[in-house]
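Chain and residue survey
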Amino acid sequence: MKKVGIVAAGSYVPARKLTNADLEKMVDTTDEWITTRTGIKERRIAGHDEHASDLAFKAAQDCLAQTAYRPELLIAATSTAEKCVPNQASLVAQKLNLTNLAAFDLNAACSGLVYALAVGWSLMQTGGYDHTLIAAGEKLSRFVNYKDRTTCVLFGDAGAALLLSAEEPEHEILAVELGADPSGADLVVMGGLNDEFYFRQDGRNVFKFAVEKMGNLIDRLKDRLGLTDNDRYFVIPHQANSRILEAVARNKGIPEERMISNIAKYGNTSAASIGLALKEAWAEKRFKKGDYLFLIGFGGGLSWAAAAVRW
Ligand code: UT7
């Protein structure tokens, strides 16, 4: 098997902040409710003319500025692309002036970035690609009903990108896990016709699913890698609710500082959230050589995806 590493991570968030205090003026909510129930303090909102592909492009630009490698394969992870055609991947590639590459979108909701990483990694094994750019761009604010207090407090807009390389297998991807439970397809819905356009979810059931599935994925990755108590691992989870992350950390005995979270600043940015958290923790030098990173996504579909990386 070809060794593939994560060479660089990039991110981008729009300038405009939407704080809990702002939301208090828009719907019947309080900073106290939002903070204690979700952990979110503020989120970023893209401008009217700033689309999901722009967020992905800026994150990709940030990522590629850190490396001389250029991708032969680009997978855009999004569930909020501004157009069906052209896809987000083509728009990002066009803006980056990339040519001679394969480019397509992948929609696995909040699991999208890790799904794309797994697909990219496996095409690198079988398709002859040595460099893959994963670019996630999500403009959730387009699908949020800012009159619905149960959902409008949760989401933000962002872009995130990762460059995978077979030439530089440091930060090697060791294992991936993908899954879906389509019996839960109606639990998270967005972007449909008429009354299915705005985001809605069965929050309580998705919460339970997320806690259980993340726990299972951590066990599964530890087993597959044969990790012992002496091995140090970090979890970089999808940022949906800090209470989900606290519950998983408690169940699995994971110290708080090893459950990476930046949800307070950005809210739930769907496919971008794991890349955004990875980029930030990497910049803060939180990982040491030999640590393991578990990237874990979960969300609409219901879907889930995990990847283990050795730092
Ligand atoms: O990324 C996709 C995957 N999604 C997830 O992982 C989301 C998982 N679920 C969650 O994060 C949580 O279920 C939510 C944050 C969505 C909701 O939290 P909850 O603790 O499950 O609250 P709830 O929906 O059970 O609502 C409790 C109460 C309700 O009032 P009543 O019926 O008890 O009178 C809601 O109307 O809180 C009320 N409520 C609010 N109150 C003030 C709901 N939203 C708000 C709000 N401000 N913004």
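Here, the structure is the one placed above.
Before going into details, it helps to say that this report is about the structure given with it. Quick caveat: nothing in here was measured; it's all calculated off a predicted structure.

1. What about the site of the ligand?
- In the neighbourhood of the ligand, 22 residues make up the surrounding shell, with Thr29, Arg37, Arg204, Asn241 and Asn268 lying closest.
- In this structure, Trp33 approaches the ligand through a side-chain N or O atom, which is 3.3 Å from an oxygen atom.
- Arg37 has a polar side-chain atom sitting 2.7 Å from an oxygen atom of the ligand.
- Here the ligand occupies the largest pocket.
- Contributing elements (two or more residues each) for the shell around the ligand: α2 (31–38), α6 (149–152), α7 (203–225) and α8 (242–252).

2. Quick look at the packing of aromatic side chains
- Per the counting criterion, the structure on display carries eight aromatic pairs.
- Relative to Phe294, the ring of Tyr233 has its centre 4.8 Å away and its plane inclined at 20 degrees; by these criteria the two rings are stacked. Of this pair, Tyr233 sits in strand β11 (residues 233–237) while Phe294 sits in strand β12 (residues 292–299), and the two are 61 residues apart along the sequence. For the pair Tyr233 and Phe294, one class covers both residues: buried.
- Measuring from centroid to centroid gives 4.7 Å for Trp282 and Trp311, while their planes differ by 85 degrees, and the two rings are edge-to-face. Of this pair, Trp282 sits in helix α10 (residues 273–283) while Trp311 sits in the segment after β13 (303–310), placing them 29 residues apart in sequence.
- The exposure class of Trp311 is buried, given its relative accessible area of 9%.
- Lys213 extends its terminal NZ or CZ atom over the ring of Trp304, reaching a point 3.7 Å from the ring centre.

3. Focus on the pairing of β13
- The buried fraction of β13 amounts to seven of the eight residues, a majority that puts the element mostly inside the structure.
- One ladder, built from eight bridges, connects strand β8 (residues 172–180) with β13; its direction is antiparallel. Bridge pairing in β13 links Glu172 to Arg310.
- As defined by bridge partners, β12 adjoins β13 across eight bridges and the pair is classed as antiparallel.

4. Regarding the pattern of salt bridges
- Scanning the entire structure with this criterion turns up 15 salt bridges.
- A salt bridge links Arg149 to Asp28, with the shortest nitrogen-to-oxygen separation between them at 3.7 Å. You can see Arg149 sitting in helix α6 and its partner Asp28 sitting in the loop between α1 (20–24) and α2, a full 121 residues away along the chain.
- Two residues, Lys95 and Asp54, come together in a salt bridge whose shortest N-O distance is 2.7 Å. Of this pair, Lys95 sits in helix α4 (residues 88–95) while Asp54 is found in helix α3 (residues 52–64), placing the two residues 41 residues apart along the sequence.
- Here Lys95 falls in the partly exposed class, since its relative accessible area comes to 34%.
- Residue Asp54 is classed as buried on the basis of its relative accessible area, which comes to 15%.
- A single salt-bridge network, built from bridges that share partners, covers Glu177, Arg220 and Arg224.

5. Describing a positive patch on the surface
- There is a patch of like positive charges on the surface, built from Arg37, Arg204, Lys208 and Arg243.
- Note that Arg243 resides in helix α8.

6. Overview of α4
- The set of residues buried in α4 consists of Gln88, Ala89, Leu91, Val92 and Ala93.
- As for α4, its buried residues are in contact with α3, β4 (73–77), β5 (102–106) and β6 (131–139).
- Asn97 sits one or two positions beyond α4 and adopts a positive phi of about 55 degrees.

Rules and cut-offs
Residues numbered from 1 in each chain as written. Predicted model: local features only at pLDDT ≥ 70, side-chain atom pairs only at ≥ 80, totals over all residues. Heavy atoms only, no water. Near = heavy atom within 4 Å. Polar contact = N/O pair within 3.5 Å; in protein donor to acceptor, adjacent residues only side chain to side chain. 1 Å grid on protein atoms, 1.4 Å probe; cavity = no way out; pocket = protein on both sides within 12 Å on 5 of 7 lines; lining within 4 Å. Sits in = over half its atoms within 2 Å of the grid points. Helix = DSSP H or I, 4+ residues; strand = E, 2+ residues; numbered from the N terminus. Phe/Tyr/Trp six-rings, centres within 6.5 Å; stacked < 30°, edge-to-face > 60°. Buried < 20%, exposed > 50% of the residue type's maximum accessible area, 1.4 Å probe, protein only. Lys NZ or Arg CZ within 6 Å of the ring centre and 35° of its normal. Pairing = 2+ DSSP bridges. Salt bridge = Lys/Arg side-chain N within 4 Å of Asp/Glu carboxyl O. Patch = residues over 30% accessible without salt bridge, like charges linked within 9 Å, V, L, I, M, F, W, Y side chains within 5 Å. Areas by Shrake-Rupley, 256 points an atom, 1.4 Å probe, with all protein chains shown as cover. Lys, Arg positive; Asp, Glu negative; His and termini not counted. Charge placed at Lys NZ, Arg CZ, Asp CG, Glu CD. Contact = heavy atoms within 4.5 Å.

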